[in-house]
Amino acid sequence: RPPPRRPLPPTRLPADPSPPEHRRERAGAVGLRLPALNATIKFYPCRDATYLHDRPGTIVGGKMATILLIDDDATSRRTLRQYLEADGHEVTETEDGRAAEVYLADPTEFSMVVTDIFMPYVEGIEVILRMRREHPEIPCIAVSGGGRSRNLDFLDLARKAGAKATLAKPVKPNELKAAVRHCLG
């Protein structure tokens, strides 16, 4: 939970001597003169810059990450979603790689993909390979319990396919948080 915001004290700026039709930056403030309204709008940078950095999670372009979560196991998907949302991220979830294709058709709205490896229809390895081929700038995290054989060599295969991080199930909150920070940082 973010700390409560403290109100900022009012600030007075000296009169802006710039020509009325120009937008200009001055002392950290951005002024926009509107001659038709005979007014100037001043935009100020955030004074309490530590506010964003005190929040949990990883900030991407000034906001928390938007993550596509793909896992066929509802319990695992719910747990991962809770971990990610507790860290302040926005999560879109789907139950398998085939259903995820709808989202992956235009993945620019996502900062990252977190996928299970063993799923029906389209496996997580296929999702990772497609992301590397079509959208290499979007990092992937692969998670797996090893399938029925409990063979975690599939996590090595996922890394070789292009996953930036891999996690063995059951995933711990701190491990997931660290993997997200690593992938987006």
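Residues numbered from 1 in each chain as written. Predicted model: local features only at pLDDT ≥ 70, side-chain atom pairs only at ≥ 80, totals over all residues. Heavy atoms only, no water.

(A) Highlighting the environment of L80. Locating L80 in the fold gives a position in helix α2 (residues 74-86). A relative accessible area of 3% places L80 in the buried class. L80 sits 93 residues away from P173 along the chain, and the two C-alpha atoms are 8.1 Å apart. Contact partners of L80, with chain neighbours within four places excluded, come to L69, D71, V143, V171 and L176. (Helix = DSSP H or I, 4+ residues; strand = E, 2+ residues; numbered from the N terminus. Buried < 20%, exposed > 50% of the residue type's maximum accessible area, 1.4 Å probe, protein only. Contact = heavy atoms within 4.5 Å.)

(B) Representation of unusual backbone geometry in the model. With an omega of 0°, the peptide bond running from K169 to P170 counts as cis. Summarising the element assignment, P170 is placed in the loop between β10 (165-168) and α6 (173-184). Backbone geometry places Y121, a non-glycine residue, at a positive phi of 70°. Of the residues examined, Y121 reaches a relative accessible area of 57% and is grouped as exposed.

(C) A look at a negative patch on the surface. Where like charges cluster on the molecular surface, the negative patch consists of D72, D73, E95, E101, E123 and E126. One can find E95 in the loop between β7 (90-94) and α3 (97-104). Taking relative accessible area as the criterion, E95 reaches 41% and is therefore assigned partly exposed. (Patch = residues over 30% accessible without salt bridge, like charges linked within 9 Å, V, L, I, M, F, W, Y side chains within 5 Å. Areas by Shrake-Rupley, 256 points an atom, 1.4 Å probe, with all protein chains shown as cover. Salt bridge = Lys/Arg side-chain N within 4 Å of Asp/Glu carboxyl O. Lys, Arg positive; Asp, Glu negative; His and termini not counted. Charge placed at Lys NZ, Arg CZ, Asp CG, Glu CD.)

(D) Here's a closer look at α2. Taking 1.5 Å of rise per residue, 13 residues should cover 18 Å, and α2 covers 18 Å from first to last C-alpha, within 8% of that figure. Where α2 is concerned, the buried positions are S76, R77, L80 and L84. For α2, the angular spread of the buried residues around the axis is 100°, confining them to a single face. Two residues or fewer after α2 comes G88, characterised by a positive phi angle close to 95°. (Expected span 1.5 Å × (residues − 1). Arc of directions from axis to C-beta.)

(E) Fine view of the environment of R81. You can see R81 is positioned in helix α2. The sequence separation of R81 and L69 amounts to twelve residues, and the corresponding C-alpha distance is 7.5 Å. The contact partners of R81, leaving out residues within four places of it in the chain, are L69, V91 and E93.

(F) Representation of the confidence of the model for the chain in the model. Overall, the prediction assigns the chain a mean pLDDT of 76, with 62% of residues at 70 or greater. Residue range residues 18-27 is modelled with pLDDT below 50. Its contacts to residues more than four positions away, or to other chains, number 17 contacts. Contacts of residues 46-57 to residues separated by more than four positions or lying in other chains number 20 contacts, the stretch itself having pLDDT below 50. (pLDDT = per-residue confidence, 0-100.)

(G) Representation of the nonpolar core in the model. Membership of the largest hydrophobic core comes to 20 residues, with the highest contact counts inside it found for I70, L104, V113, V127, I128, M131 and A158. Elements supplying a minimum of two residues to this core: β6 (66-70), α3, α4 (124-134), β9 (140-144) and α5 (153-161). Per element, the largest residue contribution to this core is four residues, and it comes from α4. Listed in part, the 17 residues of the second largest apolar core include L80, L167, L176 and C183. (Core = buried A, V, L, I, M, F, W, Y, C linked by side-chain atoms within 4.5 Å.)

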